[in-house]
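Survey of secondary and tertiary structure
So you can see what is in the structure, the chains are spelled out below.
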Amino acid sequence: MFAPLADHFFKKTWKEDDIQRYLGNYQGAYLTHAADEQIRALAASGGTTSAMAIAGLEKGRFDGVLVCNTVIKEGKVRSRFSIATTAAEILAARGSKYVESRFLQEALPLIRNFRGRLAVIGLPCDIAGLRRRCDKEPELAGKVVLTITLLCGHNSRVELIDEITARLQRETGQELVNYRFRVGHWRGRLEAVFADGSVISKPTEYFNDYQNLHFFSERKCLACHDHFGYEADISVGDVWLFRLKNDPVKHTGVIIRTHRGDEVFRLAVGCGAVQASELDIRDILNGQARSAPAHYNLSAKAKAAKLFNIQINDTVNQKIPWHAYLNALMTVGNMRLSEKDWGKTIIFRTPRFGLKFYLYLKKALESFK
Ligand SMILES: Cc1cc2nc3c(=O)[nH]c(=O)nc-3n(C[C@H](O)[C@H](O)[C@H](O)COP(=O)(O)OP(=O)(O)OC[C@H]3O[C@@H](n4cnc5c(N)ncnc54)[C@H](O)[C@@H]3O)c2cc1C
């Protein structure tokens, strides 16, 4: 009873040009999940991304899928790209990796050396970078037959996950052997596995409170306005609507942008791998109502960045209301604080209730329209 009311209360009004500006071109939007519960089990959201990739692979639409895995190097969590050619390899890469990666340096050689057609899963900036390469290299363009991007607020530097896992290792005195940033329903839980088989599971806010405050954000993310993956064939993300909070099945929101995206999506739905119902495109925006406009407003971030001697090229020319400016000051300032040794000390010594208070303040600023 309260969930629809909460959705109604927090809903923003999106005009046609808001939709076009924030979301880019699209053909349709869907509320989806992988039909197979086993696929959903360790997925970031509804497991649709993995289920579509498996369906496309098994139905011969492509011969491999570029995925991003978590690897543990000397007890530290890192991301690593690989090309999956089996369903098992796609499943092994489920889940979001909130840690910096080097897409063009690492993934591009893998794509170039692969013999066959590829689906590529990546963040908006990486898919946009790949598109630019494809425009210059016809052979590469011929190889990449599908791109799927994850909606993305921003990504985090290794220092953040290193501090979090160091704390977890101190709790057990054991070496970390596996890590998942997020499993389970709604916001989910992080999960760390140690050499003696012990497992620590904590609410994702243990990591995400820092992340959502843009502490240890990658610098390049400040200059980005693409939350929804404009250049992809398909964009996928969470649907943060209160009416879905108590639904036992977690969902993936899907935006279809191109004909080839539509073909693979329909194939996955047609063979029963993905369950889907149409979604009003405004619900996709309502599910990202705070983060997407703040992400898009490069003008506010560019103005705030000047105070920190950081140059950001403003390509969007948005209005800068006071709340957007204050929010941008927090975003850029927090990123900058994370770059100083004394700043790191302050960040990691701030008690949790202080972080929470600061985060709610930031969220309140993002809630204005
Ligand atoms: C850094 C980051 C920021 C995000 N921000 C948002 C956000 O603000 N709002 C939102 O709605 N959703 C965001 N997402 C996307 C969301 O967390 C889910 O990934 C998405 O909903 C797909 O879920 P799924 O269950 O369908 O995917 P799964 O079936 O779990 O598959 C996920 C796929 O994504 C790939 N992948 C994971 N991490 C990365 C990475 N860092 N780089 C490239 N590929 C990767 C994996 O290889 C895997 O194939 C973000 C994801 C990341 C990694």
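Above: the structure in question.
Residues numbered from 1 in each chain as written. Predicted model: local features only at pLDDT ≥ 70, side-chain atom pairs only at ≥ 80, totals over all residues. Heavy atoms only, no water.

1. Looking at the environment of serine 338
Cut-off, in case you're wondering: Working definition: helices are DSSP H or I runs of at least four residues, strands are E runs of at least two. Numbering for both runs from the N terminus. Between buried and exposed lies partly exposed: a residue is buried under 20% and exposed over 50% of the maximum accessible area for its type, with that area taken using a 1.4 Å probe on protein chains only. Throughout, a contact is declared for two residues whenever any of their heavy atoms are within 4.5 Å. The term polar contact refers here to a pair of N or O atoms within 3.5 Å; inside protein, the definition further demands a hydrogen-donor-capable atom paired with an acceptor-capable atom, and it admits residues adjacent in sequence only when both atoms are side-chain atoms.
As for its placement among the helices and strands, serine 338 is situated in the loop between helix H15 (322-337) and helix H16 (341-349). On the basis of relative accessible area, serine 338 is assigned to the buried category, the value being 2%. Note: C-alpha distance between serine 338 and phenylalanine 215 (123 residues apart in sequence) is 5.8 Å. Among residues more than four places away in sequence, those in contact with serine 338 are His214, Phe215, Phe216, Lys344 and Ile347. Separated by 2.8 Å, the side chain of serine 338 and the backbone nitrogen of phenylalanine 216 make a polar contact.

2. So, the packing of aromatic side chains
Which entries qualify depends on this criterion: The criterion for an aromatic pair is that two Phe, Tyr or Trp rings (for Trp, the six-membered ring) have centres within 6.5 Å, with stacked assigned to planes under 30 degrees apart, edge-to-face to planes over 60 apart and tilted to the rest.
Tallied over the entire structure, the rule returns 13 aromatic pairs. Aromatic pair tryptophan 14 and tyrosine 22: ring centres 6.0 Å apart, planes at 90°, arrangement edge-to-face. Take tryptophan 14 and tyrosine 22: they sit in the same class, and that class is buried. Ring centres of phenylalanine 216 and phenylalanine 348 lie 5.2 Å apart, and the angle between their planes is 10°; on these two criteria the pair is classed as stacked. Placement of phenylalanine 216 in the loop between helix H10 (205-212) and strand S9 (234-237) and of phenylalanine 348 in helix H16 is noted, with a sequence separation of 132 residues between them. In this pair, the class of phenylalanine 216 matches that of phenylalanine 348, namely buried. In this structure an aromatic cluster arises from ring pairing among Tyr98, Tyr179, Phe181 and Phe207.

3. With respect to empty space enclosed by the protein
What counts here: Points on a 1 Å grid over protein atoms alone make up a cavity when a 1.4 Å probe fits among them but cannot get out, and a pocket when they form an open set with protein on both sides within 12 Å along at least five of seven lines; lining residues each have an atom within 4 Å of a point. Grid points are joined across faces, edges and corners, and a volume is the space filled by probe spheres set on the points. Gly is put with the polar residues, along with every residue not named as nonpolar or charged; the nonpolar set is Ala, Val, Leu, Ile, Met, Phe, Trp, Tyr, Cys and Pro, and the charged set is Asp, Glu, Lys and Arg.
A complete count under the given rule lists one cavity of 30 Å³ or more for this structure. Roughly 80 Å³ of internal volume is contained in the largest cavity. The wall of the largest cavity is formed by His185, Trp186, Asp238, Val239, Trp240, Leu244, Val249, Lys250 and His251. Residues that form the lining of the largest cavity fall into these classes: five nonpolar, two polar and two charged.

4. What about a nonpolar patch on the surface?
Heads up, the rule is: Each patch is built from residues lacking any salt bridge and having more than 30% relative accessible area; the joining distance is 9 Å for like charges and 5 Å for nonpolar side chains (Val, Leu, Ile, Met, Phe, Trp, Tyr). Only the protein chains shown count as cover for residues, with accessible areas throughout obtained via the Shrake-Rupley method and a probe of 1.4 Å. Throughout this description, the term salt bridge denotes a Lys or Arg side-chain nitrogen within 4 Å of a carboxyl oxygen of Asp or Glu.
Together, Trp322, Leu326 and Phe368 make up a nonpolar patch on the protein surface, roughly 330 Å² of accessible area in all. The class for phenylalanine 368 is partly exposed, based on a relative accessible area of 42%.

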